[in-house]
Amino acid sequence: MGISMSARRELTHQEGRRYRQASRKEKSVILTGFVRATGYNRSYAATLLRSYGKRIVTGTGKNMLIYQAGKKKRYGGGRPVVYSQAVRKAVTWLWSLFGHKCGKLLVPIIRSNIENLKKEKPVSDLDE
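First, a word on what this report is: a plain description of the structure on this page. All values derive from a computational prediction rather than experimental measurement. (Residues numbered from 1 in each chain as written. Predicted model: local features only at pLDDT ≥ 70, side-chain atom pairs only at ≥ 80, totals over all residues. Heavy atoms only, no water.)

Scanning the protein from N- to C-terminus turns up 6 helices and 2 strands. Taken from N to C terminus, the helices and strands of the protein fall in the order α-α-α-β-β-α-α-α. Here the protein holds 128 residues, and 20% of them are scored as buried. Restricting to contacts in the protein with at least 6 residues of sequence separation, those with at least 24 account for 33%. Surface summary for the protein: the accessible area is close to 10600 Å², and the carbon and sulfur share equals 55%. (Helix = DSSP H or I, 4+ residues; strand = E, 2+ residues; numbered from the N terminus. Buried < 20%, exposed > 50% of the residue type's maximum accessible area, 1.4 Å probe, protein only. Contact = heavy atoms within 4.5 Å. Areas by Shrake-Rupley, 256 points an atom, 1.4 Å probe, with all protein chains shown as cover.)

Moving on to unusual backbone geometry. Of all residues except glycine, most have a negative phi; of all peptide bonds, most are trans. Of note, His-100 is a non-glycine position whose phi angle comes to about 60 degrees, a positive value. Considering the arrangement of structural elements, one finds His-100 in the loop between helix 4 (85-97) and helix 5 (103-112). For His-100, a relative accessible area of 48% translates into the label partly exposed.

Here we take up the packing of aromatic side chains. Evaluated as defined, the whole model comprises 2 aromatic pairs. Ring geometry for Tyr-40 versus Tyr-44: centroids 5.0 Å apart, planes at 85 degrees, classification edge-to-face. Under the relative-accessibility criterion, Tyr-44 is labelled partly exposed at 34%. Ring pairing ties together the aromatic residues Phe-34, Tyr-40 and Tyr-44, which thus form one cluster. Lying over the aromatic face of Tyr-19, Lys-27 brings its terminal NZ or CZ to 5.3 Å of the ring centre. (Phe/Tyr/Trp six-rings, centres within 6.5 Å; stacked < 30°, edge-to-face > 60°. Lys NZ or Arg CZ within 6 Å of the ring centre and 35° of its normal.)

In the structure shown here, the tally under the stated rule is 1 salt bridge. Notably, a salt bridge pairs Arg-18 with Glu-15, separated by 3.0 Å at the nearest N-O pair. Here Arg-18 pairs with Glu-15, and both are found in helix 1 (residues 5-21), just 3 residues apart, close to one helical turn. Of the residues examined, Glu-15 reaches a relative accessible area of 14% and is grouped as buried. (Salt bridge = Lys/Arg side-chain N within 4 Å of Asp/Glu carboxyl O.)

In this section: the packing of helix 1 against helix 2 (residues 24-38). Contact pair helix 1 / helix 2: the axes reach a minimum separation of 11 Å and the direction vectors enclose 175 degrees. One way to sum up the angle between helix 1 and helix 2 is to call them roughly antiparallel. Listed contacts from helix 2 to Arg-8, Leu-11, Thr-12, Glu-15, Arg-18 and Tyr-19 of helix 1 are Lys-27, Ile-30, Leu-31, Phe-34, Ala-37 and Thr-38. A class-by-class count of the residues in the contact of helix 1 with helix 2 yields 6 nonpolar, 2 polar and 4 charged. (Axes fitted to C-alpha atoms, helices over the stretch in contact; angles between N-to-C directions. Parallel < 35°, antiparallel > 145°, perpendicular 65-115°, else oblique. Nonpolar A, V, L, I, M, F, W, Y, C, P; charged D, E, K, R; others polar.)

Laid out in structure tokens, this is it:
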């Protein structure tokens, strides 16, 4: 097992300062020691140390903002939303009504029961 997360953060804090001011050869030595101590992947460790403590200046004049960077923020990808909330509620209702079947089995059941479903529950009642 490796070291605790709080110890890793403290080590990143200490080594990040040294790493940013070091020469290229010194950076290699610091990075090797950091990877051994933390168990991080070398590429990830280099990214952490390279960006740690970096001052970022944005804006001009009175609106100038200076802040210190920590770890780079990751942005989630994922697929865009295709269906509206009402459609998702209706499909969820149908899915639970027919015993939580998979989509492949659910489609033929819905198609064969569409007329009965229209009579049973109006679409306006799905908004709960």
